[in-house]
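# Working through the structure, step by step
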Amino acid sequence: MDAAMVTAIGALLASPLAAAAAVYGTRGANRAARDGGVIGGYDSLTAKLVAERDKAETDEAKAEARAIAAETKVAMLELEVARLKLRITQLGGQP
């Protein structure tokens, strides 16, 4: 066997090994890309959920403020009714 023959046999044996290494490397790269996509999707979903939670908390605070304002207005109107009834009674009428 001369050097050319050994080189040719080495090249024939090395090419399937190189192809297997390329396939294995591509599988790893695909897995990394897929995992990166999953993490990106998770981060996006988390950001949306946080924004939705913050909006819900803001809406709840506004609703509570409106409820307190309504209760205050009702109390003021009830006091006004009581004052007017007292005034009617003072003037000799019946409320």
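Cut-offs used in this document
Residues numbered from 1 in each chain as written. Predicted model: local features only at pLDDT ≥ 70, side-chain atom pairs only at ≥ 80, totals over all residues. Heavy atoms only, no water. Helix = DSSP H or I, 4+ residues; strand = E, 2+ residues; numbered from the N terminus. Buried < 20%, exposed > 50% of the residue type's maximum accessible area, 1.4 Å probe, protein only. Areas by Shrake-Rupley, 256 points an atom, 1.4 Å probe, with all protein chains shown as cover. Salt bridge = Lys/Arg side-chain N within 4 Å of Asp/Glu carboxyl O.

### A short note on the overall build of the chain
Along the backbone of the chain there are one helix and zero strands. Taking all 95 residues of the chain together, the buried fraction comes to 0%. For the chain, the accessible area works out to roughly 8,200 Å², and carbon and sulfur atoms hold 68% of it.

### Topic: the pattern of salt bridges
Proximity of charged atoms lets side chains of opposite charge pair with each other. Tallying each qualifying case throughout the model produces four salt bridges. The salt bridge involving Asp54 is made with Arg53; its shortest N-O contact spans 3.2 Å. Judged by relative accessible area, Arg53 falls into the partly exposed class, the value being 46%. A salt bridge links Glu57 to Arg53, with the shortest nitrogen-to-oxygen separation between them at 3.9 Å.

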